[in-house]
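Coordinate inspection notes
Take a look at the letters that make up each chain.
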Amino acid sequence: MDALPTATAAVLDRDGLQALIEALAARGFRVCGPVVRDAAIVYDEISGVADLPAGWTDRQAPGRYRLERRADQALFGFAAVPQAWKRFLHPPVETLWRVRQGEDGMLFSSAVETAPRYAFLGVRACDLRAIAIQDRVFCADDCRDDAYERRRRDAFIVALNCSEAGDTCFCVSMGTGPRAEGAFDLALTELLDASRHEFLVEVGSAAGEELLAGLPRRTATEPDRAAAASVVARTAGRMGRSLETAGLQELLESNPEHPRWDEVAERCLACANCTMVCPTCFCTTLEDHSDLSGGSAERVRLWDSCFTLDFSYIHGGSVRQTDKGRYRQWMTHKLATWFDQFGSSGCVGCGRCITWCPVGIDITEEAAAIRATPHIQGGDHG
Amino acid sequence: MRTKPRLAVWKFASCDGCQLSLLDCEDELLSLAGAVEIAYFAEASSAMEDGPYDLSLVEGSVTTAHDAERIREVRRQSKLLVTIGACATAGGIQALRNFADVNDYLAVVYASPRYIETLATSTPIAAHVPVDFELRGCPINKVQLLEVIAAFLAGRKPAIPTYSVCIECKRRGNLCVMVQGTPCLGPVTQAGCGALCPGCRRGCYGCYGPMETPDTAMLARQWSAMGVASRDIRRAFHSFNAWAPAFREEGEAHDD
């Protein structure tokens, strides 16, 4: 996406937003955005504004999520949805190749299906950062995932400057939101009060500018921009929690035997929900399946988690036998060693691991507990 | 011509549901019959051939002295013995007798209990003979069963994960019913069913038994915080896999 001055901005009303969705569909994109399903707001295919969760919000807390009614008809008045865009760009189950026994030997064929060209409507600031982090994982020169890169290159991103923060949100402290920054085509800010329901649209790419030019819109005024800025400022002031990042890498790396790891291990179920919902966790496992006749086989890639025993299984057994060892590995990688590996934190402050932990373990609380009493030595190695 | 491996399917105390999962493999039955010789499968065929067998699939638990003897003979006749289902791997729902006096059950169920010869307990096959692989589920998943048979034929390890239902649930894109307020055994239960019940907005019933590292105590504490009564926690753990050690002990830790 070519960078453009973010000065380009316009204002759409609800009809304009409808026109935006239709224009994306007309260009061959499969448009996905927030919808209400199973008592939650999730990302799915949409065909118009009527599919969006007008008047719905969520109430999130550690280990708790409830869908609730809003007093207004906001279309984007909710916090992070249960699963991020990861499942579109990095699908949970993907058959990589198939092989069959031919007359002259084995015949391999790629099984990766051509993905639709996605347009994502409402990519929150934290999730935009998460996509950028997964780009570094999957599009690195030395280990490129062609299918991911193709899906990513084809995607049209309509980002969202958040107008709502949840109890488990902490993007401000991670420096990842609530204002969407990075590679987007267009970015929306929902402007809703008694007198209007409009969307400030900022342009982030040539493709975004071209699309916007064909929509019914008006030019953004200084008061529109000020209103959008105040939406973001209000959201930033409503973060449910925060994570102190100063010196965090050194703190975690120098406290592998802190007693807090034993304490959190008492509560951790090792069920792997945190890693599944994390928008940056990227680990996969491979399963090879042969058929009954022995004439063909396939290799399937599936989302995996560092909380399983198999994940660290090498000859003779699993390296990380205890919940303590596995939780410490996950959190230390996410918040500390990720810097060494990818040049940034692996956490974007979306809070999903807190909300969707069945027992409500809070990564910000765990980090704070270690910070409160650093360099206390605990028990055995996990 | 290479002789085909000989397959046998055995029934002990069970409902036949797991054997039916094999018959339910409609699209794959012909290839299965092409790959193995189905030498003994009383549920499907009256042609019952003598052993030895290369692969025995065993359904059901041991609840009679006669069956305790019979499983030894099956083991003797089988190169590889794979148990299928919760009864064969954990004693099944009938292992509830293990927590009570079986004679009390007999008196309630049968008009003339004096004709019944039964053991005081229902026990898994592995309590009687060495088992090569245990396939979980109540009932088993036919895709997993085919995977085990295909792996046996290829001489490879079957890809049967032992992690939690949650991983399958999230891969499917299900919403977590537990976080939305419905008690669920998924976090301590082994995957394999494809997260069937959470996919229908129900809590997991634990049909596949304890996962590899089940923290049942913490899950029970969370259920309790959600308002689930002690008796209901006990009953949730004491169902199809009541005699699996992790579920047995957790259930016993809660009053009935």
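Keep in mind that this is a model prediction, so the values were computed, not measured. (Residues numbered from 1 in each chain as written. Chains lettered and ligands numbered in written order. Predicted model: local features only at pLDDT ≥ 70, side-chain atom pairs only at ≥ 80, totals over all residues. Heavy atoms only, no water.)

**Comments concerning the overall build of chain B**
- A count of helical and extended segments in chain B gives eleven helices and five strands.
- Taking 2.2 N^0.38 as the reference for a compact globule, 256 residues should give roughly 18 Å; the C-alpha atoms of chain B span a radius of gyration of 19 Å, in line with that estimate.
- Principal-axis analysis of the C-alpha atoms places the extent of chain B at approximately 65 × 50 × 30 Å.
- Put simply, chain B has 256 residues, and 53% of those count as buried.
- Of the roughly 11400 Å² that chain B leaves accessible, carbon and sulfur atoms contribute 54%.
- Positive and negative side-chain charges of chain B, numbering 25 and 29 respectively, have mean locations separated by a distance of 4 Å. (Helix = DSSP H or I, 4+ residues; strand = E, 2+ residues; numbered from the N terminus. Rg over C-alpha atoms; globule rule 2.2 N^0.38 Å. Buried < 20%, exposed > 50% of the residue type's maximum accessible area, 1.4 Å probe, protein only. Areas by Shrake-Rupley, 256 points an atom, 1.4 Å probe, with all protein chains shown as cover. Lys, Arg positive; Asp, Glu negative; His and termini not counted. Charge placed at Lys NZ, Arg CZ, Asp CG, Glu CD.)

**Some details on the interface of chain A and chain B**
- Contact with chain A, which involves 45 residues of that partner, is made by 37 residues of chain B.
- Buried area between chain A and chain B, summed over both chains or domains, comes out near 3100 Å², and the portion from carbon and sulfur atoms is 59%.
- Summed over the shared surface of chain A and chain B, the number is one salt bridge.
- The residue Asp-38 of chain A makes a salt bridge to Arg-201 of chain B at a minimum N-O spacing of 3.9 Å.
- Across the contact surface, chain A and chain B share 18 residue pairs in polar contact (both at pLDDT 80 or more).
- At the level of elements, strand E3 (40-45), strand E5 (64-69), helix H9 (259-267), helix H10 (273-277), strand E13 (284-290), strand E14 (296-303) and helix H11 (323-342) of chain A are the ones that each hand at least two residues to the side of chain A that touches chain B.
- Residue composition of the side of chain A that touches chain B, by class: 24 nonpolar, nine polar and twelve charged. (Contact = heavy atoms within 4.5 Å. Buried area = accessible area lost by both parts, 1.4 Å probe. Salt bridge = Lys/Arg side-chain N within 4 Å of Asp/Glu carboxyl O. Polar contact = N/O pair within 3.5 Å; in protein donor to acceptor, adjacent residues only side chain to side chain. Nonpolar A, V, L, I, M, F, W, Y, C, P; charged D, E, K, R; others polar.)

**Quick notes on the sheet that holds strand E5 (residues 133-135) of chain B**
Residues and elements named next belong to chain B.
- Spatial strand order, E2-E1-E3-E4-E5: five strands in an open sheet with parallel pairing. Each edge of the sheet is formed by a strand with only one pairing partner; in this case those strands are strand E2 (37-41) and E5. Pairs of neighbouring strands in the sheet enclose a mean axial angle of 25 degrees, with direction left out of account.
- Pairing of strand E3 (residues 53-59) with strand E4 (residues 78-84), which is carried by six bridges, proceeds in the parallel orientation. For Val-58, the partnering residue across the bridge sits in E4 and is Thr-83. (Pairing = 2+ DSSP bridges. Axes fitted to C-alpha atoms, helices over the stretch in contact; angles between N-to-C directions.)

**Some thoughts on the pattern of salt bridges**
- Counted according to the given criterion, the structure contains 44 salt bridges over all chains.
- The residue Glu-73 of chain B makes a salt bridge to Arg-76 of chain B at a minimum N-O spacing of 3.0 Å. Within this pair, Glu-73 of chain B and its partner Arg-76 of chain B are both found in helix H3 (residues 65-77), separated by three residues, close to a single helical turn.
- Asp-256 of chain B is paired through a salt bridge with Arg-235 of chain B; the nearest N and O atoms lie 3.6 Å apart. Of this pair, Asp-256 of chain B sits in the segment after helix H11 (245-252) while Arg-235 of chain B sits in helix H10 (residues 230-237), and the two are 21 residues apart along the sequence.
- By relative accessible area, which is 56% here, Asp-256 of chain B ends up exposed.
- Look at the salt bridges and you will find they share partners, linking Arg-260, Glu-263, Arg-267, Glu-365 and Glu-366 of chain A into a network.

**With respect to the packing of helix H9 (residues 216-225) of chain B against H11 of chain B**
Residues and elements named next belong to chain B.
- It is the contact of H9 with H11, at a shortest axis distance of 10 Å, that shows an interaxial angle of 40 degrees. With respect to H11, the element H9 is oriented oblique. Considering the relative orientation of H9 and H11, their crossing is right-handed. Along its contact with H9, which presents Thr-216, Ala-217 and Ala-220, the element H11 presents Ala-246, Phe-247 and Glu-250.
- For the contact of H9 with H11, a count of residues per class yields four nonpolar, one polar and one charged. (Parallel < 35°, antiparallel > 145°, perpendicular 65-115°, else oblique. Left-handed = near helix turned anticlockwise from the far one by under 90°.)

**With respect to the domain arrangement of chain A**
All names here are of chain A.
- For chain A, the domain assignment lists domain 1 (9-91 + 113-236) and domain 2 (248-289 + 305-372).
- Between the C-alpha centres of domain 1 and domain 2 the distance comes to 28 Å.
- Between domain 1 and domain 2, the contact holds 28 residues from the first and 27 residues from the second.
- In total, domain 1 and domain 2 occlude about 2200 Å² of area from one another, counting both sides; carbon and sulfur atoms represent 63% of this.
- Ranking the residues of domain 1 by area buried against domain 2 places Lys-86, Ile-133 and Phe-170 at the top, with a combined share of 24%.
- Taken together, the connections running from domain 1 to domain 2 amount to one salt bridge.
- Two residues, Asp-127 and Arg-352, come together in a salt bridge whose shortest N-O distance is 2.8 Å.
- Only strand E4 (56-61), E5, helix H3 (125-138) and helix H5 (171-174) provide two or more residues apiece to the side of domain 1 that touches domain 2.
- The element that contributes the greatest number of residues to the side of domain 1 that touches domain 2 is H3, accounting for nine residues. (Domains from an automatic or database assignment.)

**With respect to H10 of chain B**
All names here are of chain B.
- Regarding H10, the residues found buried are Ile-233, Arg-234, Ala-236 and Phe-237. The buried residues of H10 all sit within an arc of 160 degrees when viewed along its axis, so they share a single face.
- Those residues of H10 that are buried lie in contact with H9 and H11. (Arc of directions from axis to C-beta.)

**So, the side chain of Asp-304 of chain A**
- Residue placement: Asp-304 of chain A occurs in the loop between E14 and strand E15 (313-314).
- This buried residue, Asp-304 of chain A, is left without a salt bridge; Arg-171 of chain B holds the nearest opposite charge, at 5.0 Å.
- Those residues in contact with Asp-304 of chain A that sit more than four places away from it in its chain are Met-276, Cys-283, Thr-284, Thr-285 and Phe-311 of chain A.

**Things to note about the packing of aromatic side chains**
Residue and element names in this part refer to chain A.
- What the rule picks out here adds up to 23 aromatic pairs over all chains.
- Judged by centre distance (5.5 Å) and plane angle (50 degrees), the rings of Trp-338 and Phe-342 are tilted. With Trp-338 and Phe-342 both in helix H11 and four residues apart, the pair spans about one turn of that helix.
- With a relative accessible area of 1%, Trp-338 lands in the buried category.
- A relative accessible area of 16% means that Phe-342 is categorised as buried. (Phe/Tyr/Trp six-rings, centres within 6.5 Å; stacked < 30°, edge-to-face > 60°.)

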